[in-house]
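# Summary of structural features
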Amino acid sequence: MSSLSFHEKSAIGTLVALWFIGIFYFHSVWDLWQAGQLHPASMTGLATGLTILLVIVLVGYHILIAATARPQQEDERDRIIAWRAGNISGVVLGVAVIGIVVHILIGGFFGNALAESPMLIANALIAAVLLATVVELVLTLVFYRRGL
Amino acid sequence: MTQQALADAVGVSRQTIIAIEQGRYSPSLEVALKIAQAFGEPVEQVFWFTEGVDSQTMIGNLQ
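My aim in this report is to walk through the structure given alongside it, one point at a time. Worth saying up front: this structure is predicted, and the values here are computed from it rather than measured. Within each chain, residue numbers correspond to sequence positions counted from 1 in written order. Written order determines the labels here, with chains lettered from A and ligands numbered from 1. Only residues with pLDDT of 70 or above have their local features reported here, since the model is predicted, and side-chain atom pairs are shown and tallied only from 80 upward, although totals for entire chains, interfaces and linings are computed over all residues. Derived side-chain values reflect all non-hydrogen atoms in the structure, with water molecules and hydrogen atoms excluded from consideration.

### Overview of the packing of aromatic side chains
Residue and element names in this part refer to chain A. To keep it simple, the criterion reads: Two rings from Phe, Tyr or Trp (for Trp, the six-membered ring) form a pair when their centres sit within 6.5 Å of each other. Planes less than 30 degrees apart are called stacked, planes more than 60 degrees apart edge-to-face, and all others tilted. In this description a helix means any DSSP run of H or I spanning at least four residues, a strand means any run of E spanning at least two, and both kinds are numbered starting from the N terminus. The classification of residues rests on relative accessible area computed with a 1.4 Å probe and restricted to protein chains. Under 20% of the type maximum is buried, over 50% is exposed, and intermediate values are partly exposed.
Taken as a whole and assessed by the stated rule, the structure comprises 2 aromatic pairs over all chains. An angle of 85 degrees between the planes, with centres 4.9 Å apart, marks the rings of Tyr25 and Phe26 as edge-to-face. Taken together, a centroid distance of 5.5 Å and an interplanar angle of 65 degrees make the contact between Trp30 and Trp33 edge-to-face. Taken together, the residues Trp30 and Trp33, both in helix α1 (residues 6–34) and 3 residues apart, mark about one turn of the helix. With relative accessibility at 48%, the residue Trp30 sits in the partly exposed group.

Listed below in structure tokens is the structure:
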């Protein structure tokens, strides 16, 4: 890990934490939906609890890598990589949101579950944000390792 | 000169110097000029361009 910059270590840690907490979140949402318990209260509790857990994990991890690595200021390469990864992930987020909207509009004619449940729509949007974030982090690591 | 010393002189991270050496990153003109200045060489002695190939550098040799 010593050859990795602070930004690469940050991206790896954030990706791993998001991956596991994201899987746990959507697994729980699926179970709640199957049990007919996907209500605003249960979803808010689940989302709030996991968001607090994610913040605690990421703050602890970043304190750890900041304490063990030489302090680094962001340079031009870091800024270009962040801009490019963010640009592409923004497109992914836009396509995913438009896909959800089209799915709701078309599905509304056929009684699609997504079109009739605000909780499912909310979770589809959360999934879109998570997907865009994962794409951004993966691209960040690819650009650092393989070049721009 | 070590990679870290060059990075400190230029104001970038050591990983960026490594990426430039390995041809994984083409620096801005400002950073290229600062690297050349750190070596006391004209910029065209440190960086050059070959048609069909990414920009090349001899930072590793100068170090």
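So, next bit.
### Structural notes on the nonpolar core
Selection criterion: In plain words, nonpolar cores are sets of buried Ala, Val, Leu, Ile, Met, Phe, Trp, Tyr and Cys residues tied together by side-chain atoms within 4.5 Å. Two residues qualify as a contact provided that any one of their heavy atoms is within 4.5 Å of a heavy atom in the partner residue.
Counting residues in each nonpolar core, the largest one holds 23 residues, and the members touching the most others are Tyr25, Leu38 and Leu54 of chain A. At the level of secondary structure, the elements contributing two or more residues to this core comprise α1, α2 (40–68), α3 (76–107) and α5 (118–146) of chain A. The contact partners of Leu54 of chain A, leaving out residues within four places of it in the chain, are Ala17, Leu18 and Ile21 of chain A. Counting residues in each nonpolar core, the second largest holds 15 residues, with Leu6, Ala7, Ala19 and Phe39 of chain B among its members.

### Comments concerning the interface of chain B and chain A
Inclusion rule: Here the quantity called buried area is the accessible surface, traced with a 1.4 Å probe, that two parts lose on coming together, added over both.
Counting residues at the interface gives 14 residues for chain B, matched by 16 residues for chain A. Between chain B and chain A, a total of about 1,100 Å² is buried, with carbon and sulfur atoms accounting for 41% of that surface. When the buried area of chain B at its contact with chain A is split by residue, Gln15, Arg24 and Tyr25 of chain B rank highest and sum to 57% of it. Where the side of chain B that touches chain A is concerned, the elements lending two or more residues are α1 (3–10) and α2 (14–21) of chain B. Ranked by the residues each element gives to the side of chain B that touches chain A, the list is headed by α2 of chain B, at 4 residues.

### As for the packing of α1 of chain A against α2 of chain A
Residues and elements named next belong to chain A. Short version of the rule: Only the stretch in contact is used when fitting a helix axis, every axis being a line fitted to C-alpha atoms; angles between N-to-C directions are given from 0 to 180 degrees. Any angle between 65 and 115 degrees counts as roughly perpendicular, while under 35 counts as roughly parallel, over 145 as roughly antiparallel, and the rest as oblique. Crossing handedness is defined as follows: a turn of the near helix away from the far one that is anticlockwise and smaller than a right angle gives a left-handed crossing, while the clockwise case is right-handed. Amino acid classes used here: Ala, Val, Leu, Ile, Met, Phe, Trp, Tyr, Cys and Pro are nonpolar; Asp, Glu, Lys and Arg are charged; the rest, including Gly, are polar.
Put simply, α1 and α2 touch, their axes get as near as 10 Å, and they point 160 degrees apart. On the basis of the axis angle, α1 is roughly antiparallel to α2. Along this stretch, α1 crosses α2, giving a crossing that reads as right-handed. Looking at the contact of α1 with α2 residue by residue, the classes come out as 19 nonpolar, 6 polar and 1 charged.

Read these as layout, nothing more, since geometry by itself doesn't imply function.
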